[in-house]
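# Coordinates in review
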Amino acid sequence: MAKDGNQLAARVAAINKVYEDEKNFFGVTRRHFPSRSACIGLVQDIRKLLFPGYFDNESAAGESTDYLTSERILHIERVLQEQVKNALIFGDGTLDPEVADRKAAGIAGQFLDQLPDVLELLLTDIQALYDGDPAAGSLEEVLVSYPGMYAIFVYRIAHVLYQLNVPLIPRLMSEHAHSKTGIDINPGANIGRYFFIDHGTGVVIGETTDIGDHVKLYQGVTLGALSTRKGQALSGVKRHPTLGNYVTVYSNASILGGETVIGDGAVISGSAFVCESVPKNARVKLNQETVIHRPDEPEPKWFYVI
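For the structure given in this document, a descriptive report is provided here.

Conventions used here
Residues numbered from 1 in each chain as written. Predicted model: local features only at pLDDT ≥ 70, side-chain atom pairs only at ≥ 80, totals over all residues. Heavy atoms only, no water. Pairing = 2+ DSSP bridges. Helix = DSSP H or I, 4+ residues; strand = E, 2+ residues; numbered from the N terminus. Expected span 1.5 Å × (residues − 1). Buried < 20%, exposed > 50% of the residue type's maximum accessible area, 1.4 Å probe, protein only. Contact = heavy atoms within 4.5 Å. 1 Å grid on protein atoms, 1.4 Å probe; cavity = no way out; pocket = protein on both sides within 12 Å on 5 of 7 lines; lining within 4 Å. Points joined across faces, edges and corners; volume = space filled by probe spheres on them. Axes fitted to C-alpha atoms, helices over the stretch in contact; angles between N-to-C directions. Parallel < 35°, antiparallel > 145°, perpendicular 65-115°, else oblique. Left-handed = near helix turned anticlockwise from the far one by under 90°. Nonpolar A, V, L, I, M, F, W, Y, C, P; charged D, E, K, R; others polar. Polar contact = N/O pair within 3.5 Å; in protein donor to acceptor, adjacent residues only side chain to side chain. Salt bridge = Lys/Arg side-chain N within 4 Å of Asp/Glu carboxyl O.

Attention now goes to the sheet that holds strand S2 (residues 190-191). Across the sheet, four strands lie side by side as S2-S5-S8-S11; this open sheet has parallel pairing. Strand pairing shows two members of the sheet lacking a second neighbour, S2 and strand S11 (261-262), which therefore form its edges. In terms of strand pairing, strand S5 (residues 210-211) meets strand S8 (residues 242-243) through two bridges, oriented parallel. Bridging across to S8, Asp210 finds its partner in Thr242.

Next comes the structure, spelled out in structure tokens:
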């Protein structure tokens, strides 16, 4: 036992040594860290608040009493304030805890005030997925079972917190959705109304992406950067593409670069690789013989890509 005790003590000492090295690497203040499980719990609680009855058994589908709504709002506010406080101290180790708590209370209030607008956006997204998928049996089916809808929902929530300059929490939420759905939407992306993701697995949308209204993306689409070799020097720089309104991007296409703009009504074919701007109503496709364009539209300019 003595030998085992010495081995244990040596192992503890070795781990403690790494702990000290870790403090130097991350910084002691980084120990103030929002809870990942609490942030994921907030996502679920907000979904219950916005869509009462569809994700629990506390009320009939689509109905909620004022009392239940009030209790949910108060719970979300309380948990969010605590997690935002931790995130603010994580982001700025010099911040006084009382000051952080006051700032967190203000942020939580602003977030809750924006939820009605978020809900209106989500209703347009549900409609877009239903209208765009003949296999959808109902709006409710889209809400409760479509992975694309869940990823969009989490994005809409996380994006509000991102715009409120909350550190880390938006990314914790979006990575939770990524792990659940295979759809990676950075919370910094700007996405318009009636957003459609079908199937969804492998979709990647980068932080500085701008997407207009009525845009459709299919599985495997990447809206990414041309190169990130400069690393942190690119932070805050526009490095992901801009998609106009009514753009459709088919499966496994890649659109890259901060200067790349896809015009309104353009269609990007499957497996296309696009790193230059495309004009309005253009069709980008692989090099094929057949040329098809929509009736009642001017002959589009074709871009043949590898």
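Given a rise of 1.5 Å per residue, 13 residues ought to cover 18 Å, and the 19 Å separating the end C-alpha atoms of helix H7 (residues 169-181) matches this to within 8%. Within H7, burial applies to Ile169, Pro170, Leu172, Met173, Ser174, His176, Ala177 and Thr181. Contacts made by the buried residues of H7 are with helix H2 (36-50), helix H3 (66-91), helix H6 (147-163) and strand S1 (184-185).

With that out of the way, let us pick up the layout of surface pockets. Size it by volume and the second largest pocket reaches roughly 160 Å³. Lining the second largest pocket are Ala128, Asp131, Gly132, Tyr194, Phe196, His214, Val215, Lys216, Tyr246, Val247 and Thr248. For the lining of the second largest pocket, the element with the highest residue contribution is helix H4 (residues 97-132), accounting for three residues.

This part is about the packing of H2 against H3. The interhelical angle for the contact between H2 and H3, taken along N-to-C directions, is 155°, at an axis separation of 10 Å. With respect to their mutual orientation, H2 and H3 come out roughly antiparallel. Note on packing geometry: the crossing formed by H2 with H3 is left-handed. Contacts from Ala38, Leu42, Asp45, Ile46, Lys48 and Leu49 in H2 reach Thr69, Arg72, Ile73, His75, Ile76, Val79, Leu80 and Gln83 in H3. Its residues assigned to classes, the contact of H2 with H3 comprises eight nonpolar, three polar and three charged.

As a further point, take the environment of Ser138. In this fold, Ser138 is placed in the loop between H4 and helix H5 (139-145). Along the backbone, Ser138 and Ile126 are twelve residues apart, and their C-alpha atoms lie at a distance of 9.8 Å. Side-chain polar atoms of Ser138 contact the backbone nitrogen of Glu141, separated by 3.0 Å.

This part covers the pattern of salt bridges. Across all of its chains, the model carries five salt bridges by this definition. Note that Glu207 and Arg239 form a salt bridge whose closest N and O atoms lie 2.6 Å from each other. In this pair, Glu207 sits in the loop between strand S4 (204-205) and S5 while Arg239 sits in the loop between strand S7 (222-224) and S8, placing the two residues 32 residues apart along the sequence. The closest approach of N and O atoms between Lys238 and Asp210, which form a salt bridge, is 3.0 Å. Of this pair, Lys238 sits in the loop between S7 and S8 while Asp210 sits in strand S5; the two residues are 28 residues apart in sequence, bridging distant segments of the chain. According to the relative accessible area criterion, Lys238 is partly exposed, its value standing at 33%. What makes Asp210 partly exposed here is its relative accessible area of 25%.

On to empty space enclosed by the protein. The full count for this structure, using the stated rule, is one cavity of 30 Å³ or more. Quantified by volume, the largest cavity comes out at close to 30 Å³. Forming the walls of the largest cavity are Arg47, Phe51, Leu143, Met149, Tyr150 and Phe153. In terms of residues, the lining of the largest cavity owes the most to one element, H6, which gives three residues.

This part is about the packing of H6 against H7. Running from amino to carboxyl end, H6 crosses H7 at an angle of 175°, the nearest separation of the two axes being 8 Å. In terms of their interaxial angle, H6 and H7 are classed as roughly antiparallel. For the pair H6 and H7, the contacting residues are Pro147, Tyr150, Ala151, Val154, Ile157, Ala158, Leu161 and Tyr162 in the first and Ile169, Pro170, Met173, Ser174, His176, Ala177, Lys180 and Thr181 in the second. Residues belonging to the contact of H6 with H7 are distributed by class as follows: twelve nonpolar, three polar and one charged.

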